[in-house]
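The residues making up each chain are set out below.
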Amino acid sequence: MSDQIRIILVGTTHTGNIGSVARAMKTMGLSALYLVAPKELPDGQAYALSAGASDILANAKVFDTLQDAISDCGLVVGSSARSRTLSWPMLEPRECGIKAVQEAATQPVALVFGRESSGLSNEELQLCNYHVCIPANPEYSSLNLAMAVQIITYEVRMARLQQASQPQAVEEAAYPSSEQMHSFYQHLEQTLNDTGFIIKQHPGVVMTKLKRLFTRARPEEAEYNILRGILTSVQRYGRKAQGDKE
Ligand SMILES: C[S@@+](CC[C@H](N)C(=O)[O-])C[C@H]1O[C@@H](n2cnc3c(N)ncnc32)[C@H](O)[C@@H]1O
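Since the structure is predicted, the reported quantities are computational estimates derived from the model, not experimental observations.

Each value, and the rule that gives it
Residues numbered from 1 in each chain as written. Predicted model: local features only at pLDDT ≥ 70, side-chain atom pairs only at ≥ 80, totals over all residues. Heavy atoms only, no water. Helix = DSSP H or I, 4+ residues; strand = E, 2+ residues; numbered from the N terminus. Contact = heavy atoms within 4.5 Å. Disulfide = S-S within 2.5 Å. Buried < 20%, exposed > 50% of the residue type's maximum accessible area, 1.4 Å probe, protein only. Pairing = 2+ DSSP bridges. 1 Å grid on protein atoms, 1.4 Å probe; cavity = no way out; pocket = protein on both sides within 12 Å on 5 of 7 lines; lining within 4 Å. Points joined across faces, edges and corners; volume = space filled by probe spheres on them. Nonpolar A, V, L, I, M, F, W, Y, C, P; charged D, E, K, R; others polar. Domains from an automatic or database assignment. Near = heavy atom within 4 Å. Polar contact = N/O pair within 3.5 Å; in protein donor to acceptor, adjacent residues only side chain to side chain. Areas by Shrake-Rupley, 256 points an atom, 1.4 Å probe, with all protein chains shown as cover. Sits in = over half its atoms within 2 Å of the grid points. Phe/Tyr/Trp six-rings, centres within 6.5 Å; stacked < 30°, edge-to-face > 60°.

## Re the environment of Met 25
Next, step 1: Assignment of secondary structure puts Met 25 in helix 1 (residues 15-27).
Next, step 2: With 98 residues separating them in the primary sequence, Met 25 and Glu 123 have C-alpha atoms 26 Å apart.
Next, step 3: What Met 25 contacts, discounting residues up to four positions off in sequence, is Ile 7, Leu 30, Ser 31, Ala 32, Leu 33, Ile 56 and Val 149.

The following block contains the structure:
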């Protein structure tokens with residue numbers, strides 16, 4: 001079983017659901033389960049519902065924040081039943097399976113699922129490269145958490161089987177990790193504060209819109225390095241101009 005594609009559950013309330021997710025994962029050949037701030041850690045109820053997948057529960061990793069759980073990932077897909085006010089790059093479940101399998105060849109991939117009551121927050125969804133929505137009945141579109149995991153992991157399984165039967169040499173670009181993008185956004189915000197483009201007390205939605213722009217463009221590692229270099233040169237120029245004035 002591969003650990004390169006991880007399933008992340010954020011803020012799960014019912015431990016039984018964590019057990020059912022472990023079972024769903026194991027049937028589809030996945031083993032890496034990450035829990036972000038679960039209400040409770042896996043208990044007897046979780047183990048009962050995991051059936052024979054108790055190894056997945058026993059090895060589950062627990063994190064305080066989603067950012068911590070995805071820091072080393074090059075591809076992060078957030079699963080959501082709701083369309084949000086801020087549109088984001090979307091994948092169909094089938095595309096999600098194919099992309100996850102392709103990119104897992106070169107970097108860790110995270111598939112993220114939200115709370116039973118409220119799903120993923122907007123801030124958590126903005127940490128994702130893509131969102132995936134299972135096209136359910138529009139009048140009743142919210143699946144049980146473990147069933148949503150089952151459907152998405154089934155697509156991962158299908159993509160894997162397809163790849164195994166028709167191996168193709170895919171040249172995957174290297175993308176910056178989630179942690180690198182997080183540090184890029186901090187660098188960008190700092191630079192825009194320094195130049196006065198963003199007023200610290202009234203930042204508005206500039207950073208949210210810029211994050212959406214860079215998520216859509218999805219810079220590759222080499223492009224990411226150029227962007228960091230540009231920001232550093234702007235900051236250096238600003239410091240020099242400041243020094244010349246004094
Ligand atoms: C019970 S649902 C949460 C429903 C919550 N009321 C909401 O509005 O997001 C728990 C999780 O299952 C996943 N999920 C459920 N239905 C889905 C769907 N149709 N498409 C994609 N993900 C879904 C999402 O990750 C969601 O956060």
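Let's pick the thread back up.
## Comments concerning the state of the cysteines
Next, step 1: Scanning all chains against the criterion turns up 0 disulfides.
Next, step 2: Looking at the unpaired Cys 96, the closest cysteine sulfur is the one in Cys 128, lying at 11 Å.
Next, step 3: By relative accessible area, which is 1% here, Cys 96 ends up buried.
Next, step 4: Cys 133 forms no disulfide, and the closest cysteine sulfur to it belongs to Cys 96, at a distance of 12 Å.

## Observations regarding the pairing of strand 6 (residues 109-113)
Next, step 1: Most of strand 6 is tucked away, with 5 of its 5 residues classed as buried.
Next, step 2: Relative to strand 6, strand 4 (residues 75-79) is paired through 4 bridges, and the arrangement is parallel. Bridge pairing in strand 6 places Leu 75 opposite Val 109.

## Things to note about the layout of surface pockets
Left-over empty space is what a probe sized like a water molecule reveals as it rolls over the atoms.
Next, step 1: In this structure, the largest pocket occupies an estimated 520 Å³ of space.
Next, step 2: Taken together, 29 residues make up the lining of the largest pocket; nearest its centre are Gln 126, Leu 127, His 182, Tyr 185 and Lys 211.
Next, step 3: Those elements that provide at least two residues to the lining of the largest pocket are helix 6 (122-125), helix 8 (178-195) and helix 9 (206-217).
Next, step 4: Broken down by element, the lining of the largest pocket gets its largest block of residues, 6 residues, from helix 8.
Next, step 5: For the lining of the largest pocket, a count of residues per class yields 13 nonpolar, 11 polar and 5 charged.
Next, step 6: Three or more residues apiece are contributed to the lining of the largest pocket by two domains, here domain 1 (5-165) and domain 2 (178-244).
Next, step 7: Approximately 430 Å³ is the volume attributed to the second largest pocket.

## Section: unusual backbone geometry
Next, step 1: Phi is positive for Ala 37, which is not a glycine, with a value near 40°.
Next, step 2: Looking at the secondary structure, you find Ala 37 in the loop between strand 2 (30-36) and helix 2 (44-49).
Next, step 3: Phi is positive for Arg 218, close to 45°, though the residue is something other than glycine.
Next, step 4: Look at Arg 218 and you get buried, because its relative accessible area is 9%.

## Regarding the site of the ligand
Next, step 1: Around the ligand, the surrounding shell holds 19 residues, and the nearest of these are Ser 79, Arg 82, Ile 134, Ser 141 and Leu 143.
Next, step 2: At a separation of 2.7 Å, an oxygen atom of the ligand approaches a polar backbone atom of Ser 79.
Next, step 3: Residue Ile 134 places a main-chain N or O atom 2.8 Å away from a nitrogen atom belonging to the ligand.
Next, step 4: Calculation on the ligand without its partners gives an accessible area of 570 Å², and the protein chains cover 91% of this total.
Next, step 5: With respect to the detected pockets, the ligand is housed in the second largest pocket.
Next, step 6: Considered class by class, the residues forming the shell around the ligand number 8 nonpolar, 8 polar and 3 charged.

## Overview of the packing of aromatic side chains
Next, step 1: All chains considered together, the criterion is met by 4 aromatic pairs.
Next, step 2: An angle of 50° between the planes, with centres 5.6 Å apart, marks the rings of Phe 184 and Tyr 185 as tilted.
Next, step 3: Summarising the aromatic geometry, the rings of Phe 184 and Phe 214 are spaced 5.1 Å apart at their centres and angled 85° between planes, so their arrangement reads as edge-to-face. Residue Phe 184 is found in helix 8, and its partner Phe 214 is found in helix 9; the two are separated by 30 residues along the sequence.
Next, step 4: For Phe 184, a relative accessible area of 2% translates into the label buried.
Next, step 5: For Phe 214, a relative accessible area of 16% gives the class buried.

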